Amino acid sequence: MSVRIMAAGRSALLLEVDSDAEVASLHQELVERQAAGLLGGVAEIVPAARTVLLDGLDRPELVADQFEGWSPGVGAVPEGPVVTVPTSYDGEDLAEVAELWGVSAAEAVRIHTGCEYRVAFCGFAPGFAYLTGLPEQYAVPRRSTPRTRVPAGSVGLAGGYTGVYPSASPGGWQLIGRTGLPVWDLARDPAALLLPGTRVRFAATA
Amino acid sequence: MRAVEVVRPGPLTTLQDAGRVGVAALGVPRAGALDPEAHRLANRLVGNAPEAAVLEATLGGVALRALEPLLAAVVGAPAPVRVDGRAAAWGAPVRVPAGAVLAVGAPTGGLRCYLAVAGGFTVPPVLGSRSTDLLAGLGPPRLAVGQLLPVGLPTGPPCWIDPLPLPAPPGELLLRLDLGPRADWFVPTAPRTLDRGRWTVSPASNRVGLRLLGPAFERLPDRGELPSEGMVLGAVQVPPDGQPVVFLADHPTTGGYPVLGVVPAADLTAAAQAAPGTPVRFTRSNR
């Protein structure tokens, strides 16, 4: 199906497609057209679950016209770099997640380390990446009561996503482990390690 | 190092400039002065570039000691300005001798005072901005007693004008609204609620959003949950309780509640100065 184009105020457009893979394709197309100067002025290109937001557009109508009837291709997205996240699978919710999956804790770790993930988008907090790649049957609900403080480096699950808390914050994800890998570091450019398009694997440490 | 010393930080004073641009895809909010007109004006009065960092003093109350002669200006919410206890001008450049204390009182209307010094506050920028973002934990921390704030060298001539007339506090906040992108997530009577409803500014409002109390916007029951999507400044997000939140500068970059419409940026200056209890109305704009 072709992309749905919605105005979000006077200088932004929200482009919507049907899947993560289509978002990746749309995002790639937008980044290429921006580099080619076809979008006019644009301040932000923000991918999300089913949408890409273009904010701070000089000429939203120019972009809307370009994408009228445009359809995403799937599978043509260039492969990003692979980042391995060393993880101690000792999270407070690991037993609960294993129970939801109907497997042992050890098997849950094998399932989680056995997938290849891709950063679909960042949000919630600086450098917080939403990783897709866990098969649909392993989706888990958020905790009914969010924790007031989740430590930096916590590896969690919510819905079909996996994420790593870049800094300590309140949070409602199910915590399965933690990593010492700094996913957010202001001394680095870019500060976020897990940028949209990055491929990610988790490796269990003792 | 040129610097001023914080004598009183006030209830909530932060450094703000034009905010962070181009990093929303990393999950970094824009931040920046909530009242951009006051930010620019404060800088113009003391001869700074328009984007120089200033103090945004919510509910005023800030006092600074000049460690050397200083030129400053206070605009935004009207408030008493004093230099070593003597009344000084609001809305015009003010000379502060070395050792003297520049104090801003509580606003007589509005919420947020903007204090610029010639040369600007030159704390180190983070991701291209000197703005404090309390939610995201970026930029300088909120002001604290005894803190030294670095000040740059003046870059241009001040604007010696008669003090500006004091703005009247808004009796009512009238916000234009461009419907969408998710207006179709609400019941068909939502536009009528929008046209006829009367809200007030909630005391829970902050730099993230202007929270409104009043008639609830009801969602269509069959829509389920909205997958997270990018959010813009001025977005009117409607959480499950139906009470709208108008996103201000510290808004999260993505959100999972539907956006009924977007308030044009020009109307957010008044929103930044609307105290809790201020009546609010929406008008659907015909662009």
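Everything quoted here is computed from the prediction, not taken from an experiment.

Cut-offs applied
Residues numbered from 1 in each chain as written. Chains lettered and ligands numbered in written order. Predicted model: local features only at pLDDT ≥ 70, side-chain atom pairs only at ≥ 80, totals over all residues. Heavy atoms only, no water. Domains from an automatic or database assignment. Contact = heavy atoms within 4.5 Å. Salt bridge = Lys/Arg side-chain N within 4 Å of Asp/Glu carboxyl O. Polar contact = N/O pair within 3.5 Å; in protein donor to acceptor, adjacent residues only side chain to side chain. Helix = DSSP H or I, 4+ residues; strand = E, 2+ residues; numbered from the N terminus. Nonpolar A, V, L, I, M, F, W, Y, C, P; charged D, E, K, R; others polar. Axes fitted to C-alpha atoms, helices over the stretch in contact; angles between N-to-C directions. Parallel < 35°, antiparallel > 145°, perpendicular 65-115°, else oblique. Buried area = accessible area lost by both parts, 1.4 Å probe. Pairing = 2+ DSSP bridges. Phe/Tyr/Trp six-rings, centres within 6.5 Å; stacked < 30°, edge-to-face > 60°. Buried < 20%, exposed > 50% of the residue type's maximum accessible area, 1.4 Å probe, protein only. Lys NZ or Arg CZ within 6 Å of the ring centre and 35° of its normal. Patch = residues over 30% accessible without salt bridge, like charges linked within 9 Å, V, L, I, M, F, W, Y side chains within 5 Å. Areas by Shrake-Rupley, 256 points an atom, 1.4 Å probe, with all protein chains shown as cover.

Asker: Before we move on, can you summarise the domain arrangement of chain A with the specific residues and values?
Answerer: Size of an interface, as often reported, equals the accessible area lost when the parts are brought together. All names here are of chain A. Here chain A is partitioned into domain 1 (4-67) and domain 2 (82-205). Between domain 1 and domain 2, the C-alpha centre-to-centre distance is 27 Å. If you look at the interface, domain 1 gives six residues, while domain 2 gives six residues. For the pair domain 1 and domain 2, the number of links is zero salt bridges. Inspection of the domain 1/domain 2 interface yields zero residue pairs in polar contact (both at pLDDT 80 or more). Looking at the side of domain 1 that touches domain 2 element by element, the count peaks at three residues for helix 1 (residues 20-35). Looking at the side of domain 1 that touches domain 2 residue by residue, the class counts come to four nonpolar, one polar and one charged.

Asker: I'd like a rundown of the packing of helix 3 (residues 94-101) of chain A against helix 4 (residues 105-113) of chain A, residues and numbers included.
Answerer: Residues and elements named next belong to chain A. Where helix 3 meets helix 4, the closest approach of the two axes is 9 Å, and the angle between their N-to-C directions is 85 degrees. When the axes of helix 3 and helix 4 are compared, the pair comes out roughly perpendicular. In this structure, helix 3 contributes Leu-94, Ala-98 and Trp-101 to the contact, and helix 4 contributes Ala-105, Ala-108, Val-109 and Ile-111. Its residues assigned to classes, the contact of helix 3 with helix 4 comprises seven nonpolar, no polar and no charged.

Asker: Before we move on, can you summarise the interface of chain A and chain B with the specific residues and values?
Answerer: In this complex, chain A contributes 33 residues to the contact, which on the side of chain B involves 32 residues. Taking both partners together, chain A and chain B bury about 2,300 Å²; carbon and sulfur atoms supply 63% of that area. A per-residue breakdown of the area chain A buries against chain B is headed by Arg10(A), Glu44(A) and Pro126(A), which together make up 24% of the total. Across the pair Asp178(B) and Arg10(A) runs a salt bridge whose closest N-O atoms are separated by 2.7 Å. Elements with a contribution of two residues or more to the side of chain A that touches chain B: strand 1 (4-7), strand 2 (13-16), strand 3 (44-47), strand 4 (51-55) and strand 6 (117-122) of chain A. Examining the composition of the side of chain A that touches chain B, we find that four residues originate from one element, strand 3 of chain A, more than from any other.

Asker: Explain the domain arrangement of chain B residue by residue, including any values.
Answerer: Residue and element names in this part refer to chain B. In terms of domains, chain B is made up of domain 1 (3-150) and domain 2 (173-284). On a C-alpha basis, the centroid separation for the pair domain 1 and domain 2 is 28 Å. The interface is formed by 24 residues belonging to domain 1 together with 17 residues belonging to domain 2. In this assembly, domain 1 and domain 2 are joined by one salt bridge. The partner of Glu-56 in a salt bridge is Arg-207, and the shortest N-O contact between them spans 2.8 Å. Linking domain 1 with domain 2 are nine residue pairs in polar contact (both at pLDDT 80 or more). Elements with a contribution of two residues or more to the side of domain 1 that touches domain 2: helix 1 (36-45) and strand 10 (112-117).

Asker: So what's going on with the sheet that holds strand 20 (residues 279-284) of chain B? Which residues, and what values?
Answerer: Sheet architecture is closed into a barrel: seven strands sit in the order 12-19-16-17-14-13-20 (chain B), paired in mixed fashion. Each strand axis lies, on average, 40 degrees off the axis of its neighbour in the sheet, ignoring direction.

Asker: Before we move on, can you summarise the packing of aromatic side chains with the specific residues and values?
Answerer: Residues and elements named next belong to chain A. Tallied over the entire structure, the rule returns 14 aromatic pairs over all chains. For the pair Phe-124 and Phe-128, a centre-to-centre distance of 5.1 Å together with 80 degrees between the ring planes defines the contact as edge-to-face. With relative accessibility at 41%, the residue Phe-124 sits in the partly exposed group. The exposure class assigned to Phe-128 is buried, which follows from its relative accessible area of 0%. Taking the ring centre of Phe-67 as reference, the NZ or CZ of Arg-33 above it sits at 4.3 Å.

Asker: I'd love a proper account of a nonpolar patch on the surface, names of residues and values included.
Answerer: Residues and elements named next belong to chain B. Taken together, the side chains of Met-1, Leu-67 and Leu-148 define a hydrophobic patch exposed on the protein surface, amounting to about 350 Å² of accessible area. You can see Leu-67 is positioned in the loop between strand 4 (63-66) and strand 5 (70-76). When its relative accessible area of 43% is taken as the criterion, Leu-67 is described as partly exposed.

Asker: Pulling in residues and values, what's your account of the pattern of salt bridges?
Answerer: In this structure the tally under the stated criterion is 25 salt bridges over all chains. Across the pair Arg147(A) and Glu92(A) runs a salt bridge whose closest N-O atoms are separated by 3.3 Å. Taken together, the residues span a long stretch of sequence, with Arg147(A) in strand 8 (residues 147-150) and Glu92(A) in the loop between strand 5 (82-87) and helix 3 at a distance of 55 residues. On the basis of relative accessible area, Arg147(A) is assigned to the buried category, the value being 13%. Of the charged contacts in the structure, one is a salt bridge between Glu172(B) and Arg281(B), with a shortest N-O distance of 3.0 Å. A residue pair is termed long-range when its members are at least 10 positions apart, and Glu172(B) in the loop between strand 11 (148-150) and strand 12 (173-179) and Arg281(B) in strand 20 qualify at 109 residues. The class for Arg281(B) is partly exposed, based on a relative accessible area of 25%. Among the charged side chains, a network of salt bridges with common partners joins Arg4(A), Glu16(A), Asp18(A), Arg182(B) and Glu229(B).

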